[in-house]
Structures are given as C-alpha cells and as structure tokens.
Amino acid sequence: MSYDPANIFARILRGELPAHVVEETEDTLTFMDIMPKANGHALVIPKEGAPNIFEISDDGLHKLITQVKRVAKASQRAYPGNGVRVIQLNGSEAGQSVFHLHFHIIPSADGMNFGFHGGAAADEASLSEHAQRLKQALATID
Ligand code: 5GP
C-alpha cells in the first residue's frame, strides 16, 4: 500500500493540525485520540511514514513498540484499576481509518466489550486534562 503524506497524522507530525501531545521522542509522537473510546485514549505513531505494520522498517517498529510499552505503563499508572488495551489495525477491512501506522493505548474497564469505533469528539478541556494525566505518569517511568 502506498503512503499518502496528506493523511491526518502526517499533518499532525508536520504541525499543520493541532493535537494534544503527550510526548514526543526522536522517532515517535504520542497524542490524545480526538474521539476517545475511554478517558485517556492515546495514540502512539512513528515519525517514519508507513501506512501500516507491514511497511515500517524493523528498526522503526522496534523504536515504536518500545514507546508503546512506555505509554501503556503510564496509562496503567495514570488510570489505576483499569486494564490497558493496546490495539493496532491494518487495512480498512480490519477497521483502520487513518493510514499512518498507529497504536491505540486505551485504559479499559469494560471487560470483553470490543465495540470500537463511532464515539463522539471529546471537548478540548477533557483532552487536555487527560494529556496532562498521562504526561505526569510518563514522567515517573524510566
Ligand atoms: P484507526 O481506526 O485508523 O485504527 O484509528 C484512527 C483513530 O484516529 C480513531 O480512533 C480516531 O478517533 C482518531 N482520529 C481521527 N482523526 C483524528 C484527528 O484529527 N486528531 C486526533 N487526535 N485523532 C484523530
């Protein structure tokens, strides 16, 4: 699959669209999902332009999954009592809607209810509050 540099996450990476950024590293960006499935729903993306898991370099994927683990640990710490879903979709057939590789990190307390898409946009204050909460937890992770 070809990579379209006009996709929404590429535009966020270039600073053309706003996002509630939780953490930026040399190779990744973590920010809040604009239509969260739960409070604290974050997305971790590589800076490398790859549409899906099949097309990122191994080195890029290694760096990305290391950051996914770090954000998942922060999520667990920021939302105690929840589990953490780490979800990643490849292809529209699998439900992927933005074709820049991303991992969803979702604090989850609703057991096996896997209903996923179709939420409403959260308000800015809520996104900002939960970005802060994750940032604080990230600051405590080595
Ligand atoms: P996918 O279905 O591709 O796995 O997930 C794409 C995610 O991107 C969805 O959960 C959706 O809410 C989120 N999303 C779509 N547009 C934007 C946007 O402009 N900003 C942010 N922060 N998230 C977005």
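Given the structure is predicted, the values throughout are model-derived calculations rather than measurements. Position labels on residues start from 1 in each chain and follow its written sequence. The model is predicted, so local features are restricted to residues of pLDDT at least 70 and side-chain atom pairs to those at 80 or more, both for listing and for counting; the totals for chains, interfaces and linings are taken over all residues. Here the side-chain values reflect all heavy atoms present in the structure, with hydrogen atoms and water set aside.

Okay, the packing of aromatic side chains next. Any two aromatic rings considered together are summarised by their centre-to-centre distance and by the angle between their planes. Two aromatic rings from Phe, Tyr or Trp, using only the six-membered ring of Trp, form a pair when their centres are within 6.5 Å; if the ring planes differ by under 30 degrees the pair is stacked, by over 60 it is edge-to-face, and anything between is tilted. Considering all chains together, one arrives at one aromatic pair under this definition. Ring centres of F9 and F31 lie 5.4 Å apart, and the angle between their planes is 75°; on these two criteria the pair is classed as edge-to-face. Taken together, the residues F9 in helix 1 (residues 8–13) and F31 in strand 2 (residues 28–32) connect sequence positions 22 residues apart. In this structure, F9 and F31 share a single accessibility class: buried. Secondary structure elements are taken from DSSP: a helix is a run of H or I of four residues or more, a strand is a run of E of two residues or more, and numbering for both begins at the N terminus. Only protein chains enter the accessibility calculation, which uses a 1.4 Å probe; a residue is then buried when its area is under 20% of its type maximum, exposed when over 50%, and partly exposed in between.

What follows covers the nonpolar core. Note on terminology: a nonpolar core comprises buried Ala, Val, Leu, Ile, Met, Phe, Trp, Tyr and Cys residues joined through side-chain atoms within 4.5 Å. Of all hydrophobic cores here, the largest spans 22 residues; its most connected members are M32, L64 and L134. Sorting the residues of this core by element identifies strand 3 (42–46), helix 2 (58–78), strand 5 (103–108) and helix 3 (124–138) as the ones contributing at least two each. The contact rule is simple, with two residues in contact once any of their heavy atoms fall within 4.5 Å. Those residues in contact with L134 that lie beyond four places of it in its chain are V22, M32, G40, A42, A74, S75, A78 and Y79. Counting seven residues, the second largest nonpolar core, distinct from the first, contains I12, L29, F31 and I45.

Bringing the pattern of salt bridges into the picture now. Note on definitions: salt bridges are taken to be side-chain nitrogens of Lys or Arg within 4 Å of carboxyl oxygens of Asp or Glu. For the coordinates displayed, the defined rule picks out five salt bridges. Linking D59 and K63 is a salt bridge whose minimum nitrogen-to-oxygen distance equals 2.9 Å. Placement of both D59 and K63 in helix 2 is noted, with a separation of four residues, approximately one turn of the helix. Take D59: its relative accessible area is 46%, and that puts it in the partly exposed class. Overall, the relative accessible area of 34% leaves K63 in the partly exposed class. The network of salt bridges with shared partners includes R11, R14 and E16.

As a further point, take the environment of A120. Tracing the backbone shows A120 in the loop between strand 5 and helix 3. Under the relative-accessibility criterion, A120 is labelled exposed at 62%. Residues A120 and I34, 86 residues apart in the sequence, show an inter-C-alpha distance of 8.6 Å.

So, about the sheet that holds strand 4 (residues 83–87). What holds strands together in a sheet is hydrogen bonding between their backbones, with the strands either parallel or antiparallel. The strand order 1-2-3-5-4 describes an open sheet built from five strands, whose pairing is antiparallel. Of all strands in the sheet, those bounded by a partner on one side alone are strand 1 (21–24) and strand 4. Across the sheet, the mean angle from the axis of one strand to that of its neighbour is 20°, orientation sign disregarded. With five bridges connecting them, strand 2 and strand 3 associate as antiparallel partners. Within strand 3, the position partnered with T30 by the bridge is V44. Helix axes are fitted to C-alpha atoms over the stretch in contact, other axes to C-alpha atoms as well, and angles between N-to-C directions run from 0 to 180 degrees. The sheet contacts of helix 2 involve strand 1, strand 2, strand 3, strand 4 and strand 5, and relative to strand 5 the element is tilted by about 15°. Strands in contact with helix 3 are strand 1, strand 2 and strand 3; relative to strand 1, the strand with the most contacts, it is inclined by about 35°. Two strands make a pair as long as DSSP finds a minimum of two bridges between them.

With that settled, the discussion passes to the packing of helix 2 against helix 3. Closest axis-to-axis distance for the helix 2/helix 3 pair is 8 Å, and the angle between their directions is 110°. As summarised for this structure, helix 2 and helix 3 are arranged roughly perpendicular, according to the angle between their axes. Two secondary-structure elements touch here, helix 2 through R70, V71, A74, S75, R77 and A78 and helix 3 through R133, L134, A137 and L138. Side-chain classes follow a simple rule in which Ala, Val, Leu, Ile, Met, Phe, Trp, Tyr, Cys and Pro form the nonpolar group, Asp, Glu, Lys and Arg form the charged group, and the remainder, Gly included, forms the polar group. Looking at the contact of helix 2 with helix 3 residue by residue, the class counts come to six nonpolar, one polar and three charged. An angle below 35 degrees is treated as roughly parallel, one above 145 as roughly antiparallel, one from 65 to 115 as roughly perpendicular, and anything else as oblique.

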